[in-house]
Amino acid sequence: MVTDKTSLLNFNSNDTESRPKILAVTSGKGGVGKTNMSVNLAILLSKLKKKVLLFDADIHLGNVDLFLGLRTQNTIADVITGKKTLKEVIVQGPEEIDVLPASSAVIDMIEMGDEIIRKLGFVFSRYENNYDYIVVDTGAGLNNQVLPFVLASDKAVVLVTKDPASIADAYGMIKIIKKYHKTLPIALVVNMVQDITEGKSLYKKMDLMVNRFLGGNIFYAGSLLEDAKIKDSIRTQVPLAIKYPNSDATQIMKNITRNILNIPVEEKRKKIKFFDRINSNKNIPLGD
């Protein structure tokens, strides 16, 4: 793995063979473990000797840095406003992952809308080919600040819990994905269940609904059990895969990561830059 941050962020040509795979971690609802999944997925990919960028795409209320125990002076807002370059904002996290931190309720950015996507796309296109994977931690909800990132991904990782509101929102996210990008692979991760059987049961019910009413299927990535070690890792701001590398919870996370990697990617997607994909999906209607 490249460890020198200067060389990692040097300009690369737009060779489609070197374009990274984009994994968007989303949920439709907050509080279901999305950021915890994003952080550990990025770390485990890095442990596999992959060059990884963890992109906090919750542009206004990001918290990836908190989960990693990082103190970041600059954020994506500084790139958008022209105060800093992307190279100056990206920081190195644990296991040599690169982290692009989001802002925290920057009022001046709330109404920027399309301008955010345009400016980010301009600066980001120079660097994306330096990575094997970009893990995108999206914001919560079904809105035009979340969906363009999901629809631009190579694989969408949808988190769901057994809470009825979470199930409804996860299904709503899958419904929109199927409507606007029917062939985008969707991996379901069931979180906060008592045992694997409970998780598989919830997946089967959702897959049946998707097959019956939306067409096609979703992939089962795995189930995360309720575990005190997961809660402790979040509380202490040390990712599970680092603090408890030999725990059952980390082994499950490794299996989920492996399952996500085994899902095939559409070859034609490799030819389109990440932010070009985002730009083409930025104004999709959200109604039925």
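Everything below is about the structure printed above this text.
Read on for an overview of the structure.

This brings us to the environment of Gly-69. Structurally, Gly-69 can be placed in the loop between α3 (64–68) and α4 (76–80). Measuring from C-alpha to C-alpha, the distance between Gly-69 and Pro-239 comes to 8.7 Å, with 170 residues separating the pair along the chain.

A word on the packing of aromatic side chains. In this description, an aromatic ring pair is defined by two values, namely the gap between the centres and the angle between the planes. Going through the model one piece at a time under the given rule, you end up with eight aromatic pairs. Geometrically, the ring pair formed by Tyr-203 and Tyr-220 is tilted, given 5.0 Å between the ring centres and 35° between the ring planes. On the criterion of sequence distance, the pair formed by Tyr-203 in helix α9 (residues 196–214) and Tyr-220 in strand β8 (residues 219–225) is long-range, its members being 17 residues apart. You can call Tyr-203 buried: its relative accessible area is 14%. Ring pairs connect the aromatic residues Phe-55, Phe-124, Phe-149, Phe-274 and Phe-275, which therefore count as one cluster. The positively charged end of Lys-229 is found above the aromatic ring belonging to Tyr-244, 5.7 Å away from the centroid.

What follows concerns the side chain of Ser-247. Tracing the sequence through the fold places Ser-247 in the loop between α11 (240–243) and α12 (248–261). Looking at Ser-247, the relative accessible area reads 10%, which means it is buried. Within the structure, the side chain of Ser-247 is placed 3.0 Å from the side chain of Thr-250, a separation counted as a polar contact. In this structure Ser-247 touches Lys-229 and Leu-240, once residues within four positions along its chain are discounted.

Turning our eyes to something else, we now look at the nonpolar core. Counting residues in each nonpolar core, the largest one holds 34 residues, and the members touching the most others are Met-37 and Ile-260. Considering every element that reaches this core, the biggest residue donor is helix α2 (residues 34–47), with seven residues. Not counting residues up to four positions away in its chain, the partners in contact with Met-37 are Val-25, Leu-159, Val-189, Leu-224, Met-253, Ile-256 and Ile-260. Ranked by size, the runner-up nonpolar core spans 26 residues in total, among them Leu-53, Ile-59, Val-89 and Tyr-127.

A positive phi angle, near 65°, is found at Glu-96, a position not held by glycine. Relative to the helices and strands, Glu-96 resides in the loop between β3 (91–92) and β4 (98–100). By relative accessible area, which is 30% here, Glu-96 ends up partly exposed. With a phi angle near 65°, Met-192 is a residue other than glycine that sits in the positive phi range. Tracing the backbone shows Met-192 in strand β7 (residues 186–193).

What follows deals with the layout of surface pockets. Counted as a void, the largest pocket has a volume near 350 Å³. Looking at the largest pocket, it is lined by 24 residues, and the ones nearest its centre are Gly-31, Val-32, Gly-33, Lys-34 and Met-192.

Below, the discussion takes up the sheet that holds strand β5 (residues 133–137). Strand pairs in the sheet, formed through backbone hydrogen bonds, run parallel or antiparallel to each other. The sheet built from eight strands is open, its strands ordered β3-β4-β2-β5-β1-β6-β7-β8 with mixed pairing. Only two strands of the sheet have a single neighbouring strand rather than two, namely β3 and β8. Here strand β2 (residues 52–56) runs beside β5; their pairing, made up of five bridges, is parallel. Among the inter-strand pairings, Leu-54 is bridged to a residue of β5, identified as Val-135.

What counts, and where the lines are drawn
- Residues numbered from 1 in each chain as written.
- Predicted model: local features only at pLDDT ≥ 70, side-chain atom pairs only at ≥ 80, totals over all residues.
- Heavy atoms only, no water.
- Helix = DSSP H or I, 4+ residues; strand = E, 2+ residues; numbered from the N terminus.
- Phe/Tyr/Trp six-rings, centres within 6.5 Å; stacked < 30°, edge-to-face > 60°.
- Buried < 20%, exposed > 50% of the residue type's maximum accessible area, 1.4 Å probe, protein only.
- Lys NZ or Arg CZ within 6 Å of the ring centre and 35° of its normal.
- Polar contact = N/O pair within 3.5 Å; in protein donor to acceptor, adjacent residues only side chain to side chain.
- Contact = heavy atoms within 4.5 Å.
- Core = buried A, V, L, I, M, F, W, Y, C linked by side-chain atoms within 4.5 Å.
- 1 Å grid on protein atoms, 1.4 Å probe; cavity = no way out; pocket = protein on both sides within 12 Å on 5 of 7 lines; lining within 4 Å.
- Points joined across faces, edges and corners; volume = space filled by probe spheres on them.
- Pairing = 2+ DSSP bridges.

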